[in-house]
4 protein chains.
Amino acid sequence: MTKDQIVLTFIGGDKRQIEAMRMAAKEGFIVKAVGFEDISNDSITLYKYLHDECFICHALILPIPYKNKYGYINIPSDPQSITLEQVMKKVDSSTIVILGKADHDIKRQAEEKNIRIFDILEEETFAILNAIPTAEGAIQRAMEKTDITLHGANVLVLGYGRIGKCLARMLKGIGAKVTVEARKPEDLVWIYENGYNGVHLDDLDSVLGSQQVIFNTIPHLVLTRERLKKVDKEAVIIDLASAPGGTDFEAAKELGIRAYLELSLPGIVAPKTAGRIVYSVIKELIERSQKNLV
Amino acid sequence: MTKDQIVLTFIGGDKRQIEAMRMAAKEGFIVKAVGFEDISNDSITLYKYLHDECFICHALILPIPYKNKYGYINIPSDPQSITLEQVMKKVDSSTIVILGKADHDIKRQAEEKNIRIFDILEEETFAILNAIPTAEGAIQRAMEKTDITLHGANVLVLGYGRIGKCLARMLKGIGAKVTVEARKPEDLVWIYENGYNGVHLDDLDSVLGSQQVIFNTIPHLVLTRERLKKVDKEAVIIDLASAPGGTDFEAAKELGIRAYLELSLPGIVAPKTAGRIVYSVIKELIERSQKNLV
Amino acid sequence: MTKDQIVLTFIGGDKRQIEAMRMAAKEGFIVKAVGFEDISNDSITLYKYLHDECFICHALILPIPYKNKYGYINIPSDPQSITLEQVMKKVDSSTIVILGKADHDIKRQAEEKNIRIFDILEEETFAILNAIPTAEGAIQRAMEKTDITLHGANVLVLGYGRIGKCLARMLKGIGAKVTVEARKPEDLVWIYENGYNGVHLDDLDSVLGSQQVIFNTIPHLVLTRERLKKVDKEAVIIDLASAPGGTDFEAAKELGIRAYLELSLPGIVAPKTAGRIVYSVIKELIERSQKNLV
Amino acid sequence: MTKDQIVLTFIGGDKRQIEAMRMAAKEGFIVKAVGFEDISNDSITLYKYLHDECFICHALILPIPYKNKYGYINIPSDPQSITLEQVMKKVDSSTIVILGKADHDIKRQAEEKNIRIFDILEEETFAILNAIPTAEGAIQRAMEKTDITLHGANVLVLGYGRIGKCLARMLKGIGAKVTVEARKPEDLVWIYENGYNGVHLDDLDSVLGSQQVIFNTIPHLVLTRERLKKVDKEAVIIDLASAPGGTDFEAAKELGIRAYLELSLPGIVAPKTAGRIVYSVIKELIERSQKNLV
């Protein structure tokens, strides 16, 4: 099946979906869109509302996350217009549904209707690719908030997962003196192999005082009040963990340490790259689903 | 002669001189200051005006640049208060004078009075050290102005001097695909040795169209209207050359290409680091001048 | 329990065990050795044969691999002297046994006697640490066998496991143009993130012809006769996979392509480092086993 | 003038000239050769002796160095066959002569006959390019002579010229902990900028004891007996300076420190690359000489 026979329908989203649609159209997919204001792209068919035609597609792409706080499909320009039920009612079982942050609701409905759904946020490739703009965004924020260069500075990365790996590499590439904290012995060995200074969580307190920038990627409280007391007042904390982060922000404020929780950096600092990432994972999922077809 | 016998007097300046004074006091120098508002540092003696005591010093540090547009000593908080003559009248010939951007005026007055002056901007170590915050500032601006990650992007650095070298290294460290333009065969060989893609000025036009970010360090017009026509509309130009830069900004505007002239980045994005650089060069100059004393 | 109360007994081995014993003695362990000729180290008690005293220890370290081709404990200087039964007969159940390449034989005997055994080759930290001298050894061989510099050369790494990761990083650090082959999407994304040129196994044939050095880490036949026909005659193949490697060496010879199977590089090119790795993992295993004691 | 109208005559040389001739022929130059045994290349005209036809050429390339210890043209296969006079007698004044290590003899003869000569060893591009195989060769030797990995090792580079720069970069790329010695403040700043640990010559003694590998590039005695006494007995010294190097080899031997003088590394470890470097500089010189023609 060639690309231009494949039809993709996007319902709602942000700059990332706009960029993904633009790239899909450019690479030969047939693209339909609902829930976007003027996109200025002749290759994309824009629908004002959820037309039956929208459901004639191979893949349906919902936003990331797919629901907004109102419980509707996450369409920024019209946040209370389309419900999941409205969508699922018309989806054909041969269509794959791609979205972000699948909840019990959509999993149940998909199962009932025998529809395959793919949560982009659960795709390892997406998580790794997304670490890149997250790391660059963190570096941008650190540059903006500090009055020193990262080059030559003592910087600490808490956690050595996808974001930690990417961030440590970039920081070293700029010329910072990088320390990385981890708990698992394997992670500490990789940290050593890569030439960073490694520290086990148990020994974290001993390095805190000399750090000028601290990046947190650990999704639970690690920069406690006790630990923050050891941090230099001039230091800056960039917290990248999902809300509420891993820092006791109250304590940081009282102690006079600047600490920032930076969420959704990809879409904010590099929306075009973030869109390309979404697009490349969509392509991968379509390929994968086609290979599984009898 | 130990540090705490050495007296430094700072007349005017910006955040960089404030950081330099702070470090000097911390490292044991006796520091006097004129032309600064409250500095909150007990180790620094703040004078409200140009007191005779100020001239009892081993080194007198003027701002960088030392004169402002009014022709007075460059004191931001009081820009028309102190003239060069007032200063030079009282300077002892054993005192060295350190400043930025020495002009005919101060060179003549210094010669008449047999006073040694040192232009920090002429010091090679200063120029190299200053390239670091300049390069980081350029990267920060590029991250701010673009909606893509530098990682994976085609970036072009025009010129392979101090800033070009530092910038190319950092960009490669972040993961950009770096092309560097130069004219001299030796530079092109070093560019090859460092693993960047090299292009001679004569072949520049052929690579322009594929670049997503262009950093200019060449101090004369190189991004002409003709060349700008070849540049991708989505590309961003960060011009780091001294005013007026090396870009035809008028043409860029007409062509719809975003181009930014970024001057004095060190003092803006990393004033503390910039101050430490000024301080380290001051120390070096004092050491050098003391070695020359009979 | 402090270090100097911990007794380690080493039975046989090579330069790696000698270095490990030397480091253990230096760091305060009590070290006993059997099956080594003169070691010239006063802190190590050398036994001529398997004395009962040898078994008074906290950990017993056998060689890596522990058995030789004769089925005896792998003692190079006396290869048919000590059997596994002789050892296991006297081992106390509180002693942990550390060795390399545990087979059915030792697992059965250990289970019968309720003795804890640890196969160093199964430890993730060991495998990662060992990748470093393996990668450097591969680079050393490549430098020795080629008449070009790796800098500027097109080099291909087959496989992106521990050795592939380390090797790719070092090759890029030297200045080679690195392509890495992998099959898993996650690996290809990490390859992209790290700035190498990535190629899926399915597309491998298309890049073979331009490579000047090919490093294989895949433990099964991948450089088939068909693929070797595409490889440049001047290219050199360094095969790092366990015997018999991943190259059709017969075909390579017929085609006139130099291909080398490089086994056990750590112990050959960097025996001291290899010994330190063995030692650090021994320490880790002792710590781990002590934490598990009731 | 197109390439295939340009005639190059090579008189003597080693593997480097053979590779240079091969590349020249491949890129369309007309190539004549004297003083080489069978080259197996149909595009190269091989002469058994110095035929008049050999002098019908645009450029004459002599060996590097051009003279051997007998005072004859440096032809390894026939070292006492051709004198400089025999060559210069027939050279036309429109021919440029390219060679290595021009001495008073050839400079005088060239001046008398109004012939332009170019000493390749004096070309900056050649020196920079040659630093690459020299640095890689040094790393290869260090790997061969030590029983540790360079990764994680404390290595010291004496001197920050072309070889020092290239070597430090590669060593850091492999994962060594690099210290670089220099005297000039500018060099020390660049060393800092590049992320190496810098040490001024005056403070060299303080770091010697902790180094595991020492690379010398300084062309005069720096590793004196006094300094060698501070060096660790297990350390290895790789001396890259021109004969007699910068190490007191006698003292090293007495002190039991392994020290190696590695000369002419490019031609030994990477003759093909060395040949390509010679070739690229020959091309550059021909282009340059043609631009100067009236």
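Residues numbered from 1 in each chain as written. Chains lettered and ligands numbered in written order. Predicted model: local features only at pLDDT ≥ 70, side-chain atom pairs only at ≥ 80, totals over all residues. Heavy atoms only, no water.

What is the right way to look at the domain arrangement of chain A in this model?
Many descriptions give the size of an interface as the accessible area lost when the pieces come together. Residue and element names in this part refer to chain A. By domain assignment, chain A separates into domain 1 (3-120 + 271-293) and domain 2 (126-263). On a C-alpha basis, the centres of domain 1 and domain 2 stand 35 Å from each other. Listed as interface residues are 5 residues of domain 1 and, on the opposing side, 4 residues of domain 2. Interface area for domain 1 against domain 2, summed over the two sides, is near 470 Å², with a carbon-plus-sulfur share of 81%. (Domains from an automatic or database assignment. Contact = heavy atoms within 4.5 Å. Buried area = accessible area lost by both parts, 1.4 Å probe.)

Honestly, the packing of helix H4 (residues 124-145) of chain A against helix H5 (residues 162-174) of chain A in this entry has me stumped. Any pointers?
When two helices pack together, their arrangement is given by the angle between the helix axes and by the axis-to-axis distance. Residue and element names in this part refer to chain A. Between H4 and H5, the least distance of the axes is 8 Å, while the angle of their chain directions is 45°. One element, H4, and the other, H5, form an angle in the oblique class. In the packing of H4 onto H5, the handedness of the crossing is right-handed. Facing H4, whose interface residues are Glu124, Ala127, Ile128, Ala131, Ile132, Thr134, Ala135, Glu136, Ala138, Ile139 and Met143, H5 presents Arg162, Ile163, Cys166, Leu167, Met170, Leu171 and Ile174. Taken together, the residues of the contact of H4 with H5 sort by class into 14 nonpolar, 1 polar and 3 charged. (Axes fitted to C-alpha atoms, helices over the stretch in contact; angles between N-to-C directions. Helix = DSSP H or I, 4+ residues; strand = E, 2+ residues; numbered from the N terminus. Parallel < 35°, antiparallel > 145°, perpendicular 65-115°, else oblique. Left-handed = near helix turned anticlockwise from the far one by under 90°. Nonpolar A, V, L, I, M, F, W, Y, C, P; charged D, E, K, R; others polar.)

Sorry if this is basic, but what is going on with the relation of the copies chain A and chain C here?
Both copies of the chain are related by a screw-like operation: a rotation about an axis and a shift along it. With an RMSD of 0.1 Å, chain A superimposes on chain C once it is rotated by 180° and translated 0.1 Å along the axis. Taken together, these values place the two copies in the relation of a two-fold axis. Most of the interface of chain A is mirrored in chain C, where 100% of its interface residues are also at the interface. (Least-squares fit on C-alpha atoms with pLDDT ≥ 70 in both.)

For this particular structure, what's the right way to read the relation of the copies chain A and chain B?
Rotating chain A by 180° about the axis while translating it 0.0 Å along that axis superimposes it on chain B, leaving an RMSD of 0.1 Å. Here 100% of the contact residues of chain A are again contact residues in chain B; the copies associate through an equivalent surface.

What is the right way to read unusual backbone geometry from this model?
In most cases, non-glycine residues show a negative phi, while peptide bonds are predominantly trans. Look at the link from isoleucine 64 of chain C to proline 65 of chain C: it is a cis peptide, with omega at -5°. Looking at the element boundaries, proline 65 of chain C is found in the loop between strand S4 (59-61) and helix H2 (84-90). At serine 40 of chain A, a position not held by glycine, the phi torsion is positive, near 55°. With respect to the secondary-structure elements, serine 40 of chain A resides in the loop between strand S2 (30-34) and strand S3 (44-47). Even without being glycine, lysine 101 of chain B reaches a positive phi, approximately 65°. Relative to the assigned elements, lysine 101 of chain B resides in the loop between strand S5 (96-99) and helix H3 (104-113).

What's the story with the packing of helix H5 (residues 162-174) of chain C against helix H5 (residues 162-174) of chain D in this structure? I'm lost.
Running from N to C, H5 of chain C and H5 of chain D point in directions that differ by 170°, and their axes come no closer than 7 Å. Here H5 of chain D runs roughly antiparallel to H5 of chain C, going by the angle between their axes. Counted together, Arg169, Met170, Gly173 and Ile174 of chain C of H5 of chain C and Arg169, Met170, Gly173 and Ile174 of chain D of H5 of chain D form the full contact between these two elements. When the residues that make up the contact of H5 of chain C with H5 of chain D are grouped by side-chain class, the tally is 4 nonpolar, 2 polar and 2 charged.

Where do I start with the interface of chain A and chain B in this structure?
In this complex, chain A contributes 25 residues to the contact, which on the side of chain B involves 25 residues. Interface of chain A and chain B: buried area, both sides summed, is about 2200 Å²; carbon and sulfur atoms make up 54% of it. It is Glu136, Met143 and Thr149 of chain A that lose the most area in chain A upon contact with chain B, and together they represent 26% of the buried surface on that side. Our enumeration of links across chain A and chain B arrives at 2 salt bridges. Linking glutamate 234 of chain A and lysine 272 of chain B is a salt bridge whose minimum nitrogen-to-oxygen distance equals 2.7 Å. Summed over the shared surface of chain A and chain B, the result is 12 residue pairs in polar contact (both at pLDDT 80 or more). (Salt bridge = Lys/Arg side-chain N within 4 Å of Asp/Glu carboxyl O. Polar contact = N/O pair within 3.5 Å; in protein donor to acceptor, adjacent residues only side chain to side chain.)

Looking at this model, I keep getting lost on the packing of aromatic side chains. Mind explaining?
What characterises a pair of aromatic rings is the spacing of the ring centres plus the angle enclosed by the ring planes. Taken as a whole and judged by the stated rule, the model has 8 aromatic pairs over all chains. Centre to centre, the rings of phenylalanine 29 of chain B and tyrosine 279 of chain B are 6.2 Å apart; their planes meet at 90°, and the pair counts as edge-to-face. Placement of phenylalanine 29 of chain B in the loop between helix H1 (15-26) and strand S2 (30-34) and of tyrosine 279 of chain B in helix H11 (residues 271-292) is noted, with a sequence separation of 250 residues between them. Summarising the burial analysis for this pair, phenylalanine 29 of chain B and tyrosine 279 of chain B share the class buried. If you follow lysine 145 of chain C out to its NZ or CZ, it ends over the ring of tyrosine 260 of chain C, 4.5 Å from the centre. (Phe/Tyr/Trp six-rings, centres within 6.5 Å; stacked < 30°, edge-to-face > 60°. Buried < 20%, exposed > 50% of the residue type's maximum accessible area, 1.4 Å probe, protein only. Lys NZ or Arg CZ within 6 Å of the ring centre and 35° of its normal.)

Hey, could you run me through the sheet that holds strand S9 (residues 197-200) of chain B in this one?
By definition, the strands of a sheet pair up through backbone hydrogen bonds, in either a parallel or an antiparallel sense. Residues and elements named next belong to chain B. What the 6 strands build is an open sheet, ordered S9-S8-S7-S10-S11-S12; its pairing is parallel. Where the open sheet ends on each side, the last strands, each with one partner, are S9 and strand S12 (258-261). For this sheet the average axis-to-axis angle between neighbouring strands, irrespective of direction, equals 20°. In this structure, strand S11 (residues 236-239) lies alongside S12, joined through 4 bridges in parallel fashion. (Pairing = 2+ DSSP bridges.)

Which parts of the structure should I look at to understand the sheet that holds strand S3 (residues 44-47) of chain D?
Residues and elements named next belong to chain D. Ordered by their spatial adjacency, 6 strands build an open sheet running S3-S2-S1-S4-S5-S6, and the pairing between neighbours is parallel. Each edge of the open sheet carries a strand with a single partner, namely S3 and strand S6 (117-119). Across this sheet, the average inter-strand angle for adjacent strands is 20°, counted without regard to direction. Each of strand S1 (7-11), strand S4 (59-61), strand S5 (96-99) and S6 touches helix H11 (residues 271-292); the most contacted strand, S5, lies at about 155° to it.

Any chance you could explain the confidence of the model for chain A here in plain terms?
Do not read the predicted coordinates in detail wherever pLDDT is low. Looking at chain A as a whole, its pLDDT mean stands at 94, while 98% of the residues score no less than 70. For this predicted complex, the interface confidence score (ipTM) comes to 0.90, while the overall pTM stands at 0.93. (pLDDT = per-residue confidence, 0-100.)

Looking at this structure, how should I read the pairing of strand S10 (residues 213-216) of chain A?
Residue and element names in this part refer to chain A. Side chains of S10 alternate between two faces, with Val213 and Phe215 and Ile214 and Asn216 buried alike. Across 4 bridges, the pairing between strand S7 (residues 154-158) and S10 is parallel. Across the sheet, leucine 156 pairs through a bridge with isoleucine 214, a residue of S10. Of the pairings in the sheet, the one linking S10 to strand S11 (residues 236-239) comprises 4 bridges and is parallel in character. Each bridged residue has a counterpart across the sheet, and for phenylalanine 215 the counterpart in S11 is isoleucine 238.

Explain the interface of chain A and chain C to me, please; I cannot follow it from the model alone.
The partner chain C presents 17 residues to the 17 residues of chain A that form the contact. When chain A packs against chain C, close to 1600 Å² is buried across both sides, 79% of that on carbon and sulfur atoms. Considering only the surface of chain A that becomes buried against chain C, Ile128, Trp190 and Glu193 of chain A emerge as the three largest contributors, covering 36% of it. Counting across the chain A and chain C interface gives 2 salt bridges. Notably, a salt bridge pairs glutamate 193 of chain A with arginine 169 of chain C, separated by 3.0 Å at the nearest N-O pair. Inspection of the region where chain A meets chain C yields 2 residue pairs in polar contact (both at pLDDT 80 or more). Counting residues per element, the ones that place at least two in the side of chain A that touches chain C are H4, H5 and helix H6 (185-193) of chain A. Residue contributions to the side of chain A that touches chain C peak at 6 residues, all from H6 of chain A. Class assignment of the residues belonging to the side of chain A that touches chain C gives a composition of 8 nonpolar, 2 polar and 7 charged.

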